[in-house]
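Each chain, letter by letter, is given below.
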Amino acid sequence: MSESGAKHKFAFYLGCIAPNRYPGVESASIKAMKKLGVELVPLKGASCCPAPGAFGSIDLNVFYAMAARNLVLAEQMKMDIALVCNGCYKSIWEVNHKLKHNKDLRDGVNEVLKEIDMEYKGTINVYHTAELLYNDKFIGVAKVRDSVTNPLTGARIAVHYGCHLTKPHKDREFEKEIMLNTEHPVWMEELVAALGATPVEYRNKMQCCGAGGGVRGYDIVHALDIANEKLINIKEAGADALTDICPFCQLQFDRGQIEIQEKFGVSYNLPVLHFAELLGLAQGMSPQDLGLDLHGISCESFLQKVL
Amino acid sequence: MARTKGYPAALDKKLQDTKLYLDDSNPEFTKNVKAISRTNAHMCYQCGTCTGSCPSAPRSSYRIRLFMRRAVLGLENEALTDPDLWLCTTCYSCADRCPRDIIPTDVIMSMRNLAFKRDIIPVNFLKTVQAIYSSGHGVPNNDVNRAAREKIGLSRDPPTTHMFPEYIKGIQKILDHYKLKANADRIVKEREG
């Protein structure tokens, strides 16, 4: 397969925080996936997924209709969706799944969509890019390893899986059963190791970042206290950096460390990078290409180890 | 009262189960929670695995097991007026571990939906609605980010509603269908003037 001839094509659903706060996640995803034979095509006119915490709490019917609008945009392109955020996965994947399996919900949503000349048909699937990277059907760990030109040797990296990609696991459908282990998964560690870095295990790895469900906006100290507990455990394990697959978790750990310093008086200086950013670095993208200077916590200490 | 013999009167009173006989138990609430959450709260046998799995429990008085009980007993006012209702981060750890195969997180979400119908809602939730109504994004772009995007070879605005604002109209129609923007504006104004 040539580098330009993509084997798979997806409508790239961006969400909010990746393009509007960590644009490196967007550019790294497009470039890195292209090298792996996956073309990400812009999903024109997409909106917020919408935020599952805020919208799901207010009125689930609005949540379904808003997510369905984004799904219909991809249906019109006749393309499956790929996305980079666990929160978006909850909205886009889960609403797609619910609408496909519940006629009453689908009819309700289509009644509203009719007002904007749209109809949800249930013709596409939704994937997280982390899932595409891990699954041999699309890319697989071996190909990820082969694409590395700048191995992140010597870096100890902790993984934050986040919640909404895999939980609640009884509702999720992954082609790889391994991804349904939500007590102690290791598939992200396999991906981290494929980049040449050393994955680090830490206490209570699967705990939430604390930002979801509207809690970060409702009670910031409560939300930060949850993140702080994770940061203590990650630092204890001697990690050089934390990687995530959710820009909202990334915001909570990255900008959150500054807020934790202000509110609790503790600092960790732990660089936080989306896995797409790590993959970009490992494939030879520069920190400037990735806009890493936009991060709240400087990635310098980590970059010195790997570049 | 042999069981509580020797206990102080206050504790003795506390140990008695009075909840079941309260007048404010509303069976409609139990039904509504079930209809919206699409999970069976009444299967709950109060083991507490949910609270034990909850990241919010150790740092607050939020107890999801208590909300499960309120759902089953129809204690609508008690559930919807409790500020702890908004401390669930929706991590779904309780859902993954529930031995009764219930999704307690979705019970909480349904209660929040019912609370909103009574105007009980923290304003930050409504501000997200307002942001999406005007820009399509809950976290919109800004000038610092636009410059950074340009520097790394991306368009200044992402190819979303930001680059194609003509799509915002559809979003506004959906939100207006449910009168969500009007309600959000009204409640925010009432709270903040």
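Residue positions are given per chain, counted from 1 along the sequence in the order it is written. Lettering for chains starts from A, numbering for ligands starts from 1, and both go in the order in which the items are written. Owing to the predicted nature of the model, reporting of local features is limited to residues with pLDDT of at least 70; listing and counting of side-chain atom pairs is limited to 80 or more, with chain, interface and lining totals taken over all residues.

What follows concerns the overall build of chain B. Broken down by element type, chain B carries eleven helices and zero strands. For chain B, the sequential pattern of α-helices and β-strands runs α-α-α-α-α-α-α-α-α-α-α. Only the C-alpha atoms count toward the radius of gyration. The rule for a globule is 2.2 Å times the residue count to the power 0.38. Its C-alpha atoms give chain B a radius of gyration of 22 Å, more than 25% over the compact-globule value 16 Å for 193 residues. On the principal axes, the C-alpha backbone points of chain B span a range of 75 × 35 × 30 Å. Here, residue contact means that the backbone-derived C-beta atoms of the two residues sit within 7 Å. At a minimum sequence separation of 6, the contacts of chain B that also span at least 24 residues come to 67%. To qualify as a helix, a DSSP run of H or I must reach at least 4 residues; to qualify as a strand, a run of E must reach at least 2; elements of each kind are numbered from the N terminus.

With that settled, the discussion passes to the nonpolar core. Among buried residues, those of type Ala, Val, Leu, Ile, Met, Phe, Trp, Tyr and Cys that are joined through C-beta atoms within 7 Å form a set called a nonpolar core. Exposed residues have 12 or fewer other C-beta atoms within 10 Å of their own C-beta, buried residues have 20 or more, and partly exposed residues fall in between, where C-beta atoms are placed from the backbone. Counting 159 residues, the largest nonpolar core has A:Tyr13, A:Tyr64, A:Ala68, A:Ile81 and A:Ile92 as its most contacted members. Once residues lying within four places of it in the same chain are set aside, the contact partners of A:Ala68 are A:Val95, A:Leu99, A:Val109, A:Leu113 and A:Tyr120.

Residue and element names in this part refer to chain A. Burial analysis of strand S5 (residues 156–160) places four of its five residues in the buried class, the great majority of the element. Any two strands with at least two DSSP-identified bridges between them are counted as paired. Here S5 pairs with strand S6 (residues 198–200) via three bridges, running parallel. By the bridge assignment, Ile157 is partnered in S6 with Pro199. Consider the strands pointing away from the viewer: the crossover is right-handed when the path from the first strand over the helix to the second runs clockwise. For the crossover from S5 across helix H9 (residues 187–194) to S6, the handedness is right-handed. The pairing of S5 with strand S7 (residues 241–244) spans four bridges and is classified as parallel. Within the sheet, the bridge partner assigned to Ala158 lies in S7 and is Leu242.

The subject of this paragraph is the domain arrangement of chain B. Just so you know, the domain bounds were taken from an automatic or database domain assignment. Here the domain parsing of chain B yields domain 1 (22–116) and domain 2 (123–192). The distance between the C-alpha centroids of domain 1 of chain B and domain 2 of chain B comes to 31 Å.

Once that is clear, we can look at the sheet that holds S5(A). Residue and element names in this part refer to chain A. Taken in spatial order, the four strands of this open sheet run S6-S5-S7-S8, and their pairing is parallel. Either end of the sheet is taken by a strand with one partner, and the two such strands are S6 and strand S8 (272–274). Neighbouring strand axes in the sheet, compared pairwise and without regard to direction, differ in orientation by 40° on average. Here, axes are lines fitted to C-alpha atoms. For helices the fit covers the stretch in contact, and angles between N-to-C directions go from 0 to 180 degrees. Lying on the sheet, helix H12 (residues 247–264) is in contact with S5, S7 and S8; it crosses S8 at an angle near 170°.

With that out of the way, let us pick up the domain arrangement of chain A. Residues and elements named next belong to chain A. By the assigned domains, chain A splits into domain 1 (8–128) and domain 2 (149–306). On a C-alpha basis, the centroid separation for the pair domain 1 and domain 2 is 23 Å. Taken together, the 24 residues of domain 1 in the interface contact 26 residues of domain 2. Elements supplying a minimum of two residues to the side of domain 1 that touches domain 2: helix H1 (17–21), helix H2 (23–35), helix H3 (52–58) and helix H5 (86–101). Its residues assigned to classes, the side of domain 1 that touches domain 2 comprises eleven nonpolar, nine polar and four charged. Note that Gly is not counted as nonpolar here; it falls among the polar residues with everything else outside the nonpolar set of Ala, Val, Leu, Ile, Met, Phe, Trp, Tyr, Cys and Pro and the charged set of Asp, Glu, Lys and Arg.

This part takes up the sheet that holds strand S4 (residues 126–128) of chain A. Residue and element names in this part refer to chain A. Judged by pairing direction, the sheet is parallel, and its four strands sit side by side in the order S2-S1-S3-S4 without closing on themselves. One side of each edge strand has no neighbouring strand; the edge strands of this open sheet are strand S2 (38–42) and S4. Pairwise comparison of adjacent strand axes, ignoring direction, gives a mean angle of 40° for this sheet. Of the pairings in the sheet, the one linking strand S1 (residues 8–13) to S2 comprises five bridges and is parallel in character. By the bridge assignment, Ala11 is partnered in S2 with Val41.

Before going further, it helps to examine the interface of chain A and chain B. Of the residues lining the interface, 55 residues belong to chain A; the matching set on chain B comes to 52 residues. Listing elements by their share of the side of chain A that touches chain B, those giving two or more residues are H1, H2, H3, helix H4 (60–77), helix H10 (215–218) and helix H11 (220–236) of chain A. Of the residues belonging to the side of chain A that touches chain B, the class tally is 26 nonpolar, 19 polar and ten charged.

All names here are of chain A. In this fold, Leu231 is placed in helix H11. With 29 residues separating them along the chain, Leu231 and Tyr202 place their C-alpha atoms 9.9 Å apart. With near-sequence residues (within four places) excluded, Leu231 lies in contact with Gln257, Tyr268 and Leu270.

Here we take up the packing of helix H4 (residues 64–73) of chain B against helix H7 (residues 104–116) of chain B. All names here are of chain B. It is at 10 Å that the axes of H4 and H7 come closest, and there the two elements cross at 65°. The handedness of the crossing between H4 and H7 is left-handed. Contact residues: Ile64, Phe67, Met68 and Ala71 in H4; Pro104, Val107, Ile108 and Met111 in H7. Working rule for handedness: look at the near helix, and if it is turned counterclockwise from the far one by less than a right angle, call the crossing left-handed; if clockwise, right-handed.

Before going further, it helps to examine the environment of B:Asp96. If you trace the backbone, B:Asp96 turns up in helix H6 (residues 93–97). Taking the C-beta count within 10 Å as the criterion, B:Asp96 has 21 such neighbours and is therefore assigned buried. Taking the C-alpha atoms as reference, B:Asp96 lies 34 Å from B:Lys181; in sequence the two are 85 residues apart. Beyond its immediate chain neighbours, meaning those up to four positions away, B:Asp96 contacts A:Lys167, A:Pro168, A:His169 and A:Thr182.

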